[in-house]
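# Structure assessment
The chain contents come next:
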Amino acid sequence: MNELENNKIKLYGFNNLTKTLSFNIYDICYAETEREQKDYIAYIDEQYNSERLTKILIRVAEMIGAQVLNISKQDYEPQGASVNVLIAEERISPENIDKSCNRGKPFFEEIGMDENSIKKSGASQDTDTVHAHLDKSHITVHTFPEYHPDNSISTFRVDIDIATCGEISPLNTLNYLIDSFDSDIITIDYRIRGFTRDISGKKFFTDHNITSIQDYIEPEKLKIYDAIDVNVYQSNIFHTKMLIKEIRLQNYLFNQDVYEIAPKKRLEITDRLRKEMIEIYSGMNIY
């Protein structure tokens, strides 16, 4: 591992390691009436529509040094959105890119990226054809807004998956992703699969040191959460989940002021919010 990382040994062919980062967040809200619940869902749907999510994924691609080849995005009825970005590890000459798999310059102008931003992202600008496509290297995002039928708790979930092949590693995008969403619960999975060889045929099952996903998250962010790891080092499987420590009730009320609510009810709402978070964090219902 250190030999490959520090000495940059010569590989036999392509770096075949596949690194997959799954980033999952939950945002919890108290919306008391049925109307407020529906308004919250509509608000979330507008705030995190496919265009905004696409901008986030384009920035992720830029941060990991990937070239954008194709973008497929969709908003759903009654709610939700998803985006898929096909990426390449290195700059690819336009003549070597299948035109049917290239979203092209008009889309980037549509989401507000100027000429310099397009070039920096590595995106090709030769066509405006849309074609859904998946490859060994891709970034996807899906959103799942929903609300509890009885206890006035609404939940917004975002799933982001970054699959890369070669030298690209998605771990350095974690702080940006955490900042991009209001996250009460975060679960992160990172896995390295496959192997690559040096010119003598020796296998390498990873090309960088990692003991915990938390090592890639800024300390100030970690202070906000309780975090635990469940890692399988032998298999290069890493899992971290994080639960926000402090509930400031005003931050969880939708179209309400905390001082308009009686103290006893404030405690009741806070208990509901915390129960919802603990259930999601622990993966089990609490009775």
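Per chain, residue numbering runs from 1 following the sequence as it is written. Only residues with pLDDT of at least 70 are given local features in this predicted model, and only at 80 or more are side-chain atom pairs given and counted; all residues enter the totals for whole chains, interfaces and linings. Note that the side-chain values use all heavy atoms of the structure and ignore hydrogens as well as water.

### Let's talk about the overall build of the protein
The test is simple: Under the scheme used here, helices are H or I runs from DSSP no shorter than 4 residues and strands are E runs no shorter than 2 residues, and both carry numbers assigned from the N terminus. In this scheme, a residue with accessible area under 20% of its type's maximum is buried, one over 50% is exposed, and one in between is partly exposed, where area comes from a 1.4 Å probe on protein chains only. What makes two residues a contact is simply this: any of their non-hydrogen atoms within 4.5 Å. Residue burial considers only the protein chains on display, and all accessible areas are found by Shrake-Rupley using a 1.4 Å probe.
What the protein contains, in helices and strands, is eight helices and ten strands. A total of 287 residues make up the protein; the buried ones form 49% of that total. Summarising the internal contacts of the protein: among those between residues at least 6 apart in sequence, 72% fall at separations of at least 24. A total accessible area of about 14800 Å² is found for the protein, and carbon and sulfur atoms account for 48% of it.

### Considerations on the sheet that holds strand E1 (residues 18-30)
Counted only if it meets this: A strand pair is defined by DSSP finding two or more bridges across the two strands. Axis definition: a line fit to C-alpha positions, over the contact stretch in the case of helices; interaxial angles, taken between N-to-C directions, run 0 to 180 degrees.
Taken together, the eight strands give an open sheet; going across it, the order is E2-E3-E4-E5-E1-E6-E10-E9, and neighbouring strands pair in antiparallel fashion. Lying at the two open borders of the sheet, with one neighbouring strand each, are strand E2 (67-75) and strand E9 (225-229). Pairs of neighbouring strands in the sheet enclose a mean axial angle of 10°, with direction left out of account. One ladder, built from ten bridges, connects strand E4 (residues 138-147) with strand E5 (residues 153-165); its direction is antiparallel. Across the sheet, residue proline 145 finds its bridge partner in E5, namely phenylalanine 156. Most of the contacts of helix H2 (residues 34-47) go to E4, to which it runs at about 165°, and overall it touches E1, E4 and E5. Across the sheet, helix H8 (residues 263-282) is in contact with E1, E5, strand E6 (185-193), E9 and strand E10 (237-244); its angle to E1 comes to roughly 160°.

### Regarding the confidence of the model for the protein
Formally: The score called pLDDT rates the predictor's confidence residue by residue, from a low of 0 to a high of 100.
On average, residues of the protein score 80 in pLDDT, and 78% of them are at 70 or above. Across the protein, the secondary-structure element scoring lowest on mean pLDDT is helix H4 (residues 105-110), at 47, and the one scoring highest is E10, at 97. Confidence drops under a pLDDT of 50 for residues 121-135, and excluding neighbours within four residues, the segment shows 57 contacts in the predicted structure.

### Here's the deal with the layout of surface pockets
This is how the line gets drawn: Only protein atoms enter the 1 Å grid used here. Points where a 1.4 Å probe fits but cannot escape make up a cavity, open sets with protein on both sides within 12 Å along at least five of seven lines make up a pocket, and a residue lines them when an atom lies within 4 Å of a point. Grid points are joined across faces, edges and corners, and a volume is the space filled by probe spheres set on the points. Residues are sorted three ways: Asp, Glu, Lys and Arg are charged, Ala, Val, Leu, Ile, Met, Phe, Trp, Tyr, Cys and Pro are nonpolar, and all the rest, Gly among them, are polar.
Empty space within the largest pocket amounts to approximately 630 Å³. Looking at the largest pocket, it is lined by 28 residues, and the ones nearest its centre are Asp27, Asp182, Ser183, Asp184 and Asn251. Listing elements by their share of the lining of the largest pocket, those giving two or more residues are E1, H2 and helix H6 (174-180). Residues belonging to the lining of the largest pocket are distributed by class as follows: 16 nonpolar, three polar and nine charged.

### Considering the pairing of E1
For E1, a buried count of twelve out of 13 residues is recorded, marking the element as mostly surrounded by other parts of the structure. Inspection of the sheet shows E1 paired to E5 by 13 bridges, in the antiparallel sense. Paired with lysine 19 across the strands is threonine 164, a residue of E5. For E1 and E6, the ladder comprises nine bridges, and the chain directions are antiparallel. Along E6, the bridge assignment pairs phenylalanine 23 with isoleucine 188.

### Side note on the pairing of E4
Pairing analysis gives five bridges linking strand E3 (residues 81-88) to E4, with the strands arranged antiparallel. Pairing of valine 83 across the sheet is with valine 141, part of E4. Linkage of E4 to E5, two consecutive antiparallel strands, is achieved through a turn of five residues, within which serine 152 is found at a positive phi near 70°.

### Remarks on the packing of aromatic side chains
Quick note on the threshold: Ring pairs are drawn from Phe, Tyr and Trp, using the six-membered ring of Trp, whenever the two centres fall within 6.5 Å, and their geometry is named by plane angle: stacked under 30 degrees, edge-to-face over 60, tilted for the rest. Ring-over charges, as used throughout, are those where CZ of Arg or NZ of Lys falls within 6 Å of the ring centre and within 35 degrees of the ring normal.
Applying the stated criterion across every chain yields a total of seven aromatic pairs. Arranged with centres 6.0 Å apart and planes meeting at 50°, the rings of tyrosine 43 and phenylalanine 254 form a pair that is tilted. A residue pair is termed long-range when its members are at least 10 positions apart, and tyrosine 43 in helix H2 and phenylalanine 254 in the loop between E10 and H8 qualify at 211 residues. In this structure phenylalanine 254 comes out as buried when scored by relative accessible area, which is 11%. Grouped by ring-pair contacts, the aromatic residues Tyr40, Tyr43 and Phe254 constitute a single cluster. Between arginine 157 and the ring centre of phenylalanine 144, over which it is positioned, the NZ or CZ distance is 4.1 Å.

### Here we look at unusual backbone geometry
Here the phi dihedral of asparagine 236 falls at roughly 55°; this positive angle occurs in a residue that is not glycine. Residue position: asparagine 236 is located in the loop between E9 and E10. For asparagine 236, a relative accessible area of 14% gives the class buried.

### Brief notes about the nonpolar core
Considering soluble globular proteins, one finds that nonpolar side chains tend to be buried as a cluster. Definition in use: Nonpolar cores were defined as sets of buried Ala, Val, Leu, Ile, Met, Phe, Trp, Tyr and Cys residues, with membership established by side-chain atoms within 4.5 Å.
The biggest cluster of nonpolar side chains holds 65 residues, and the ones touching the most others in it are Phe23, Ile160, Phe181, Ile188 and Leu273. Top element by residues in this core is E1. It accounts for seven residues.

### A closer look at the pattern of salt bridges
Put simply, the test is: A carboxyl oxygen of Asp or Glu within 4 Å of a side-chain nitrogen of Lys or Arg is what we treat as a salt bridge.
This model, assessed by the stated rule, comprises twelve salt bridges. Across the salt bridge formed by lysine 275 and glutamate 279, the nearest N and O atoms sit 2.9 Å from each other. Linking lysine 275 with glutamate 279, this pair stays in helix H8, spanning four residues, or about one helical turn. Note on glutamate 279: relative accessible area 13%, which makes it buried. One network of salt bridges, with partners in common, ties together Asp179, Glu218 and Lys221.

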